[in-house]
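# Structural overview for review
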Amino acid sequence: MPNITIDGKQVEFKSGQTVIQAAMNAGIDIPHFCYHPKLSISGNCRVCLVEIEKMPKLAIACSTLATEGMVVHTNSSKTLDARNAVMEFILINHPLDCPICDEAGECKLQDYAFAHSRGESRFEEIKNRKEKRVQLGPRIKFDAERCISCSRCIRFSDEIAKANQLTFTNRGDKVTITTFPGESFDNPYTLNTVDICPVGALTNNDFRFKSRVWEMSSTNSVCIGCSRGCNIEIWVRNNEILRLTPRQNEEVNSFWMCDNGRLNTFKFVNDESRIDGCYLRKDGQLVKSDWAETLEVTSKSLKEFKSNEIAFVASPFATLEDNFVLERFAKQINSNNIFSAKHILTGDQDDILIREDKTPNSFGLSILGIKNDISKLYDLIDNKNVKALFIMEEDLVGLNSEWEKVLTKLELIIVLATNKNGTTQFADIIFPAATYAEKHGTFVNFQGRVQRIRPAIATEELDRSLDGMNKSRWDKFGTKFDRWMQGKKYDAKPSWKIIALLDSYFNNKLKFKMAEEVFNEISKSNEALKNLDYDVIGDLGVTINSEVFQKV
Amino acid sequence: MATKKRLKDLTFLEKLYIPVILKGLVLTLKTMFKPKVTMEYPEVKFEPPASYRGRPVLVQEKNGVERCVACGLCSRVCPALAIEVQAAETELEKERYPEKFEINMLRCIFCGFCEEVCPEEAIVMSKDYELVFQDRDSAIFGKDKLLIPVEQLQDRIDFLRKFKK
């Protein structure tokens, strides 16, 4: 492979790479605003100017192709002078908005101004005034003054979202970004521009002013919006999820995620409708009860039925661990009635990320062999062959209101649910299930990629320190007397744990203490997940063997 | 071993103690006719100088709006984690205001870092040193207790402009 020298270091590169890419691969950071690895090169911010020997002038590292024997200096006095000059130039019209700007703390301009700028402005005239609160689209506010015209958002909407909605208007220091006449910036991927905006010009309406970035903790997880399973980070303050951002994974979602996944998959976690503690139906009313009593009553009432009169509903919203333990439990009591529903929104799919299948783990269910379709269950209940139903994290009534008719025919309904919904109204016993943000587990996406989720929110049984959860500065130093530490903790447990607890009243063979133990058990018994464990899956996941994939 | 001899034994007069007592009484008598340096505190209040760091307060502009834009820097710099800020959006030109601003006076150590870091001169140390509370909850001061009209704080603001770089 050819070599170039960057700051005295020999760096190998592939032909066709630019200087900035070669430097990045070698771990040398060249400041840049407009360059983004997934977008075309525009070269308009000029902050990546570097000195290249035998070239008459400084060149921008983002568009200069690396060639054999090139000698690059990224920290020479000439380079630094140029960089400081460019920073000073960009900052001429940039408002001193950091105190009110959401980007502060993760702002490239702020970082580079700190590292490379001269520290004070020589500009004595009045700064340009532009519009501060432009509603570019339904989800995005644009602050024209803060914009440094790097064109990343324009290139993103052209090249990645394929929507061609944004453009520059005017010239020179009056330049601003706007949508084409009559257009609104409303494609399904708009909020990615907030992430890639190097300054705070584009802000997320939903997250605007909710929190400063340094006050939150972030936890690596997986989006549950569809079967793509985009890798995400969950941002939490005071035990409340405030935003989701995509996390780079070239095998799945690259740098991006869709707006629906970003905005609509976390609000139920801290919603009013969350189920907090167990409920039992007494005299027609659902009454709050404790765990021991509820488990006792559940096991007694389940034992009143013959094993083929009990049916189970698995869930593609639940993790592999949950479904595996449910399946084992069904086997323990000799029931073969295990079903699952499909959640397919026909037509809601594109070539970018969004998939028709709106569940994160339907492929995982196929791996576990839970394939019976829920419509068979409908007939079984209708014919009174099934008298007791055990539903895990599935809303049958929400799926189809027809279910209301047959649910009333059942003698016993046990529901494991995160939130109150149409099905929980009919339940005789409700167990509070932990949401995806409150448990360890694995999902398998439509490509057959096994990916891990981690708890970001503490429940009553989870402790941030003892369970190794990520902590913000507030979480580290807070006491129970501080109001910023008194966020709501729900009394909920992961579904697999609830079922394992219930099993202790039956055969007591499902003695799992951690999600990891469950997963190890799955990988022992399942061909598709052979030799996998949580450490192997890691942060980016593992794609299962393609031969096994074909079989499933 | 020989006992160690004292450097100087007391003289006869010193052993009597009376001259020393008289000397003390003379000093007391002299002081009685000098001007007083103590202050009869609850009746007479101490008016501290502008450099005094009393409890931190928020500056309220003449139109009744707080100067604070809820940037959260005071909260970040506070070594005792006494300050909690929740921002929200306002129609005013400043865009952002503190929906909630709480200082836990049990945590506050009166270091003045919040005042030093504030980019808007919105939180300043007042001359208020009388802080009494009987339970933890009343020790957490919200915006109702923190907002003080700018006229009452002019002294400190002038001091800051003179000395703060």
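As a reminder, the structure under discussion sits directly above these lines.
What comes next is a walk through the structure. Fair warning: this is a prediction, and the values are worked out from it, not measured in the lab.

Along its length, chain B carries six helices and six strands. In chain B, the order of α-helices and β-strands from amino to carboxyl end is α-α-β-α-β-β-α-β-β-α-β-α. Radius of gyration (C-alpha) of chain B: 26 Å, far over the 15 Å computed for a compact globule of 165 residues. In terms of overall dimensions, chain B has C-alpha extents of about 85 × 50 × 40 Å along its principal axes.

Here we come to the packing of helix H2 (residues 77–91) of chain A against helix H3 (residues 108–116) of chain A. Residues and elements named next belong to chain A. Viewed as axis vectors pointing N to C, H2 and H3 meet at an angle of 135 degrees, and their least axial separation amounts to 10 Å. Between H2 and H3, the interaxial angle falls into the category oblique. Of the two elements, H2 crosses H3, and the hand of that crossing is left-handed. In this structure, H2 uses Arg83, Asn84, Met87 and Leu91 to contact H3, whose residues at the interface are Tyr112, Ala113 and His116. Grouping the constituent residues of the contact of H2 with H3 by class yields four nonpolar, two polar and one charged.

Further remarks concern the interface of chain A and chain B. Taken together, the contact pairs 12 residues of chain A with 18 residues of chain B. The residue inventory of the side of chain A that touches chain B, partitioned by class, reads seven nonpolar, no polar and five charged.

Here we take up unusual backbone geometry. Within the chain, Arg46 of chain A stands out as a residue other than glycine whose phi angle is a positive 65 degrees. Structurally, the position occupied by Arg46 of chain A is in the loop between helix H1 (19–25) and strand S3 (49–52). Phi angles above zero are rare outside glycine, and Ala70 of chain B is one such case at about 60 degrees. The residue Ala70 of chain B is located in the loop between strand S1 (56–60) and helix H3 (73–77) in this model. C-beta crowding within 10 Å serves as the criterion here: with 27 such atoms nearby, Ala70 of chain B is assigned to the buried category.

All names here are of chain A. Contact geometry for helix H8 (residues 320–332) and helix H14 (residues 495–503): axes closest at 8 Å, N-to-C directions at 20 degrees. Taken together, the axes of H8 and H14 are roughly parallel relative to one another. Where H8 crosses over H14, the handedness of that crossing is left-handed. Touching Glu321, Asp322, Val325, Leu326, Phe329 and Gln332 of H8 are Ser495, Trp496, Ile499, Ala500 and Asp503, all from H14. Looking at side-chain class alone, the contact of H8 with H14 contains six nonpolar, two polar and three charged residues.

What follows covers the sheet that holds strand S5 (residues 71–73) of chain A. All names here are of chain A. Pairing is mixed across the open sheet formed by five strands, whose spatial order is S2-S1-S5-S3-S4. The sheet is open, and its two edges are formed by strand S2 (9–12) and strand S4 (59–60), each paired on a single side. As defined by bridge partners, strand S1 (residues 3–6) adjoins S5 across two bridges and the pair is classed as parallel. By the bridge assignment for S5, Ile6 is matched with Val72. With respect to the sheet, H2 is in contact with S3 and S5, its orientation differing from that of S3 by roughly 160 degrees.

Cut-offs and rules
Residues numbered from 1 in each chain as written. Chains lettered and ligands numbered in written order. Predicted model: local features only at pLDDT ≥ 70, side-chain atom pairs only at ≥ 80, totals over all residues. Helix = DSSP H or I, 4+ residues; strand = E, 2+ residues; numbered from the N terminus. Rg over C-alpha atoms; globule rule 2.2 N^0.38 Å. Axes fitted to C-alpha atoms, helices over the stretch in contact; angles between N-to-C directions. Parallel < 35°, antiparallel > 145°, perpendicular 65-115°, else oblique. Left-handed = near helix turned anticlockwise from the far one by under 90°. Contact = placed C-beta atoms within 7 Å. Nonpolar A, V, L, I, M, F, W, Y, C, P; charged D, E, K, R; others polar. Buried ≥ 20, exposed ≤ 12 C-beta atoms within 10 Å, placed from the backbone. Pairing = 2+ DSSP bridges.

So yeah, pure geometry; function would need other evidence.
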